Amino acid sequence: MNKLDENQKYACNIACLYLSLYDVIAYQKLSEGSVSQRSVHELLSLKFKVKPNYIKNTRDEFDYHVNNTRVGFRRELSKAKKELLNKYKELNEIELYNELQRVLKLDYTSK
């Protein structure tokens, strides 16, 4: 996999934190009514120029650290992910969705 730039990492982390915190609502909003996790992961991976499993795995990293029913990966978050979680975990769904929409409007290039 190509090395991600900071904008790609931030965008992926915002998207995956949103998915982790708001689960079904997040998947419905991002897949226009369907709850297909795979289709949302593919959509995000195409936008951010990463592999779909990168989206899935990053979401799994957040799952262990937020209050949801998923187990996720039982490991510490990286410093950047921990800072992002602390910064955004108290936002309501609409506020975090708006930040995600902002990063979705940007262009990303793979290196």
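Above: the structure in question.
Throughout this document, residue positions are counted from 1 along each chain, in the order its sequence is written. Totals for whole chains, interfaces and linings use all residues, but because this is a predicted model, local features are given only for residues with pLDDT of at least 70 and pairs of side-chain atoms are given and counted only at 80 or more. Heavy atoms from the whole structure form the basis of all side-chain values; hydrogens and water molecules are not counted.

(A) Expanded view of the overall build of the chain. A helix here means a DSSP run of H or I that spans at least four residues, while a strand means a run of E at least two residues long, and both kinds are numbered starting from the N terminus. The helix and strand tally for the chain stands at five helices and zero strands. Listed by position from the N terminus, the elements making up the chain come as α-α-α-α-α. Computed over C-alpha atoms, the radius of gyration of the chain comes to 13 Å, within 12% of the 13 Å expected from 2.2 N^0.38 for 111 residues, which places it in the range of a compact globule. Reported as C-alpha extents along the three principal axes, the dimensions of the chain are approximately 35 × 35 × 25 Å. When accessible area is computed with a 1.4 Å probe and restricted to protein chains, residues below 20% of their type maximum are described as buried, those above 50% as exposed, and intermediate ones as partly exposed. When each of the 111 residues of the chain is scored for burial, the buried share is 41%. Considering only contacts within the chain whose residues lie at least 6 apart along the sequence, 59% involve residues at least 24 apart. The accessible surface values rely on the Shrake-Rupley method and a 1.4 Å probe; as for residues, cover is taken only from the protein chains in view. Taken as a whole, the chain presents about 6600 Å² of accessible surface, with 49% of it coming from carbon and sulfur. A radius of gyration in this sense is built from C-alpha atoms; the matching globule rule multiplies 2.2 Å by the number of residues raised to 0.38. Contacts are assigned to residue pairs with any non-hydrogen atoms lying within 4.5 Å of each other.

(B) View of the pattern of salt bridges. By convention in these notes, a salt bridge is any Lys or Arg side-chain nitrogen within 4 Å of a carboxyl oxygen on Asp or Glu. If you walk through the whole model with that rule in mind, you get nine salt bridges. The salt bridge partner of Glu 6 is Lys 9, with a shortest N-O separation of 3.4 Å. One end of the pair, Glu 6, and the other, Lys 9, are both in helix α1 (residues 6–30), three residues apart, so they sit about a helical turn from each other. Ionic pairing is found between Arg 102 and Glu 99, a salt bridge with its closest N-O pair at 3.0 Å. Residue Arg 102 and its partner Glu 99 are both found in helix α5 (residues 93–104); the two are separated by three residues, about one turn of the helix. By relative accessible area, Arg 102 is classed as partly exposed at 42%. Within this structure, Asp 23, Arg 59 and Asp 63 form a network of salt bridges that share partners.

(C) Structural context of unusual backbone geometry. Look at Asp 23: it is not a glycine, yet its phi comes out positive at around 25 degrees. Inspection of the secondary structure assignment puts Asp 23 in helix α1. Phi is positive for Lys 49, close to 60 degrees, though the residue is something other than glycine. In this structure, Lys 49 sits in the loop between α2 (37–48) and α3 (52–63). For Lys 49, a relative accessible area of 40% corresponds to the partly exposed category.

(D) Main features of the side chain of Thr 58. Within the secondary structure, Thr 58 sits in helix α3. Apart from residues no more than four positions distant in its own chain, Thr 58 is found in contact with Cys 12, Asn 13, Cys 16 and Lys 81.

(E) Representation of the environment of Cys 12. As for its position among the elements, Cys 12 is in helix α1. Here the alpha-carbon distance between Cys 12 and Arg 59, two residues 47 residues apart in the chain, equals 8.9 Å. In this structure, Cys 12 is in contact with Phe 48, Val 50, Tyr 54, Ile 55 and Thr 58, ignoring residues within four places of it in sequence.

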